[in-house]
Protein chains: 2
Amino acid sequence: MHNLGVLLSGRGSNFLAIADAIDAGKIPDARIAVVISNLADAPGLEAARQRGLNAVAIEARGRKRAEHDHEVVAALRSHEVELICLAGYMRLLSPGFVQAFSGRILNIHPSLLPAFPGLDAQMQAFEYGVQVTGCTVHFVDEQLDHGAIILQRSVPVLSGDDPHAVAARILEQEHVAYAEAIARVLSGKYEIVGRRYLPKK
Amino acid sequence: MHNLGVLLSGRGSNFLAIADAIDAGKIPDARIAVVISNLADAPGLEAARQRGLNAVAIEARGRKRAEHDHEVVAALRSHEVELICLAGYMRLLSPGFVQAFSGRILNIHPSLLPAFPGLDAQMQAFEYGVQVTGCTVHFVDEQLDHGAIILQRSVPVLSGDDPHAVAARILEQEHVAYAEAIARVLSGKYEIVGRRYLPKK
């Protein structure tokens, strides 16, 4: 059984999509061992409890990043987490955190990286006037929104769209893409060549 | 009749695609008034002559950019060019050139801008490990590969691909996209809101 750890700061719609995908058998031999938030009042924590999952708040406010991360890493280890899924976790990970779980931290970003890293990627893309955007599931490295790409899905931006419509269209793809990417990584049937994700038979 | 001016430095495969699209009636009421190259031996010039088009070499070597551009602008004006299409023109346009034809210069770039501007965009995308790339037709402004986007088309990068396969897949879409974008601009039925291209009825 693969133990997943989910980190979130908000409602965690991607967390719920991962949990649903596990329930539906789309991520074989996996369970969510723990959900951790830096905010005690994150709605995603309550949603985790309602599903009977371990939900832990580790408040970051007023603490140094390395110190807070150290505690998060300890909680992940105590739940024997194999793979960490960031799901709207609004904090940068310290280098020590990344190195402690090297190649075992995933993030999803609402753009076709390397375009539009950082906050408000959907709005950035809308305002730039792109006609194709999407989402990216990638390994987390020490740089923001930068690690090797596991999966990308594209969506169109239509002339009648407002930013909300674009964001909703991307989010729908995020929910599918994240579960698929997790299943890919847990299968172990891949290699990273340079920065390229290549499936192995 | 809309007079197009094509600028190229190489074989001009996008020039040939535009010429074919005109012959096929896909760009209504348009003709290529002149093809100009900064290199006298550009194969695209010879191809233009074979099609009975005006083909002009204006050598750039050893000349100042503004001076060379001044001569190119004069040639475009003498052929009463309404819209300029860059088709593998391997020179940056001077600000004076851009301003002389403001909003009337198009370029096609082999990536989903703003990702991978500059040279060897297909190889940049391949090495970054993206799974979606494509091409962009955009207005030319004073910044490299930066103006408002008229049309983007996406293509997948597959795990068995080499860079050549990716480039060929993009080029196929370029040939369709450029003709469509030219027809859109010549129709005049659009507005640019911020950076967004929006069709008008």
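Throughout this description, residue numbers start from 1 for each chain and increase along the sequence as written. Key to labels: chains lettered from A, ligands numbered from 1, both in the order written. Side-chain atom pairs in this predicted model are given and counted only at pLDDT of 80 or more, local residue features only at pLDDT of at least 70, and totals for whole chains, interfaces and linings cover all residues. Hydrogens and water molecules were not included; the side-chain quantities draw on all heavy atoms of the structure.

Enquirer: Please explain the overall build of chain A as it appears in this structure.
Expert: Tallying secondary structure elements over chain A gives six helices and nine strands in all. At 16 Å, chain A has a C-alpha radius of gyration in line with the 17 Å of a compact globule built from 201 residues. In terms of its C-alpha atoms, chain A occupies a principal-axis envelope of roughly 50 × 45 × 35 Å. The buried label applies to any residue whose accessible area, calculated with a 1.4 Å probe on protein chains only, is under 20% of its type's maximum; exposed applies above 50%, and partly exposed to all values in between. A burial count over chain A gives 53% of its 201 residues as buried. By definition, residues are in contact when any of their heavy atoms lie within 4.5 Å. A separation of at least 24 residues holds for 61% of the contacts in chain A among residues at least 6 apart in sequence. Accessible surface is estimated by sampling points in the Shrake-Rupley manner with a 1.4 Å probe; for residues, cover comes only from the protein chains shown. Accessible area for chain A stands at about 9000 Å²; split by element, carbon and sulfur atoms hold 51% of it. Neither His nor the chain termini are counted; the positive set is Lys and Arg, and the negative set is Asp and Glu. Charged side chains are reduced to one point each, which is NZ for Lys, CZ for Arg, CG for Asp and CD for Glu. Of note, chain A has its 20 positive side-chain charges centred 5 Å away from the centre of its 22 negative side-chain charges. The secondary structure listing takes helices from DSSP runs of H or I that are at least 4 residues long and strands from runs of E that are at least 2 residues long, numbered from the N terminus. A radius of gyration in this sense is built from C-alpha atoms; the matching globule rule multiplies 2.2 Å by the number of residues raised to 0.38.

Enquirer: Would you mind showing me how to read the nonpolar core here?
Expert: Remark: nonpolar core denotes a set of buried residues (Ala, Val, Leu, Ile, Met, Phe, Trp, Tyr, Cys) joined through side-chain atoms within 4.5 Å. If you look at the biggest cluster of nonpolar residues, it comprises 97 residues, and the most contacted ones within it are Phe15(A), Ile182(A), Phe15(B) and Ile182(B). Each residue touching Phe15(A), except ones within four places of it in the same chain, is listed here: Val6(A), Leu8(A), Ile32(A), Val35(A), Gly44(A), Ala47(A), Ala48(A), Leu53(A) and Ala87(A).

Enquirer: Looking at this model, I keep getting lost on helix α3 (residues 65-78) of chain B. Mind explaining?
Expert: Residue and element names in this part refer to chain B. Its 14 residues place the ends of α3 20 Å apart at the C-alpha level, agreeing with the 20 Å of an ideal helix rising 1.5 Å per residue. Every buried residue of α3 is accounted for by His68, Asp69, Val72, Val73, Ala75 and Leu76. For α3, the angular spread of the buried residues around the axis is 160°, confining them to a single face. Exposed side chains of α3 directed beyond 90 degrees from the buried face belong to Ala66, His70, Arg77 and Ser78. At its buried positions, α3 is contacted by β1 (2-8), β2 (30-37), β4 (83-86) and α4 (95-100). Each helix should span, by expectation, one fewer than its residue count multiplied by 1.5 Å. Think of the arc as the fan of directions from the helix axis to the C-beta atoms.

Enquirer: Just checking my understanding: could you explain the interface of chain B and chain A for this structure?
Expert: Where interface size is quoted, it is often the accessible area lost as the parts come together. Opposite the 29 residues of chain B that make contact, chain A presents 29 residues. When two parts are brought into contact, each loses some accessible area as probed by a 1.4 Å sphere; the total of that loss over both is the buried area. Overall, the association of chain B and chain A removes approximately 2200 Å² of surface from exposure, summing both partners, and the carbon and sulfur fraction of that is 56%. When the buried area of chain B at its contact with chain A is split by residue, Tyr128(B), Gln131(B) and Arg196(B) rank highest and sum to 32% of it. Here a polar contact is recorded for every N or O atom pair within 3.5 Å, except that within protein the pair must consist of a potential hydrogen donor and a potential acceptor, and residues adjacent in sequence are included only if both atoms are side-chain atoms. Here chain B and chain A share 10 residue pairs in polar contact (both at pLDDT 80 or more) between them.

Enquirer: What exactly am I supposed to notice about the relation of the copies chain B and chain A here?
Expert: For the pair chain B and chain A, the superposition axis carries a translation of 0.0 Å, the fit reaches an RMSD of 0.0 Å, and the rotation angle comes to 180°. Within this description, the copies of the chain are treated as partners about a two-fold rotation axis. No C-alpha of chain B approaches the rotation axis more nearly than that of Ala115(B), which lies at 2.5 Å. Interface residue correspondence from chain B to chain A reaches 100%, placing this contact among same-surface, isologous pairings. Each copy is superposed on the other by least squares, with the fit set by C-alpha atoms of residues at a pLDDT of at least 70 in both.

Enquirer: Honestly, the pattern of salt bridges in this entry has me stumped. Any pointers?
Expert: Note on pairing: side chains with opposite charge can pair once their charged atoms come close. We count a salt bridge whenever a side-chain nitrogen from Lys or Arg sits within 4 Å of a carboxyl oxygen from Asp or Glu. Inspection of the entire model under this criterion finds 18 salt bridges over all chains. One salt bridge in this structure joins Arg61(A) and Glu59(A), with 3.4 Å as the shortest N-O distance. For Arg61(A), a relative accessible area of 61% corresponds to the exposed category. Residue Arg51(B) pairs with Asp23(B) through a salt bridge whose shortest N-O separation is 3.6 Å. In this pair, Arg51(B) sits in the loop between α2 (43-50) and β3 (55-57) while Asp23(B) sits in helix α1 (residues 13-23), placing the two residues 28 residues apart along the sequence.

Enquirer: I would appreciate a short explanation of the environment of Asn14(A) in the present structure.
Expert: Residues and elements named next belong to chain A. Within the element layout of this structure, asparagine 14 appears in helix α1 (residues 13-23). Asparagine 14 sits in the buried class, given a relative accessible area of 6%. In this structure the C-alpha to C-alpha distance between asparagine 14 and tyrosine 89, which are 75 residues apart in sequence, comes to 11 Å. Contact partners of asparagine 14, with chain neighbours within four places excluded, come to Ala87, Ile108, Leu171, Glu174, His175 and Tyr178.

Enquirer: So what exactly am I meant to see when it comes to the state of the cysteines here?
Expert: Simply put, disulfide is the name for a covalent bond between the sulfur atoms of two cysteines. To count as a disulfide, a pair of cysteine sulfur atoms needs to be within 2.5 Å. All chains considered together, the criterion is met by zero disulfides over all chains. The closest cysteine sulfur to the non-disulfide-bonded Cys135(A) is located on Cys85(A), 14 Å from its own sulfur.

Enquirer: Just checking my understanding: could you explain the packing of aromatic side chains for this structure?
Expert: Aromatic ring pairs are defined here through the distance separating the ring centres and the angle between the ring planes. A pair of aromatic rings is counted whenever rings of Phe, Tyr or Trp (Trp by its six-membered ring) have centres within 6.5 Å, and the orientation is called stacked for planes under 30 degrees apart, edge-to-face for over 60 and tilted otherwise. Under the counting rule described, the total for this entry stands at eight aromatic pairs over all chains. Where Phe116(A) meets Tyr128(A), the ring centres are 5.8 Å apart and the plane angle is 65°; that geometry is what we call edge-to-face. Highlighted residues: Phe116(A) in the loop between β5 (105-109) and α5 (121-128) and Tyr128(A) in helix α5, separated in sequence by 12 residues. Comparing Phe116(A) with Tyr128(A), the two get one shared label, buried. Here Tyr190(A) and Tyr197(A) contribute two aromatic rings whose centre-to-centre distance is 5.5 Å and whose plane-to-plane angle is 20°, an arrangement assigned as stacked. Like Tyr190(A), the residue Tyr197(A) is buried in the burial classification. Here the aromatic residues Phe139(A), Tyr190(A) and Tyr197(A) are joined through ring pairs into a cluster of three or more. Cation over ring: Arg195(A) sits above Tyr128(B), and NZ or CZ is 3.7 Å from the ring centre. Two limits define a charge over a ring: the Lys NZ or Arg CZ must be within 6 Å of the ring centre, and within 35 degrees of the ring normal.

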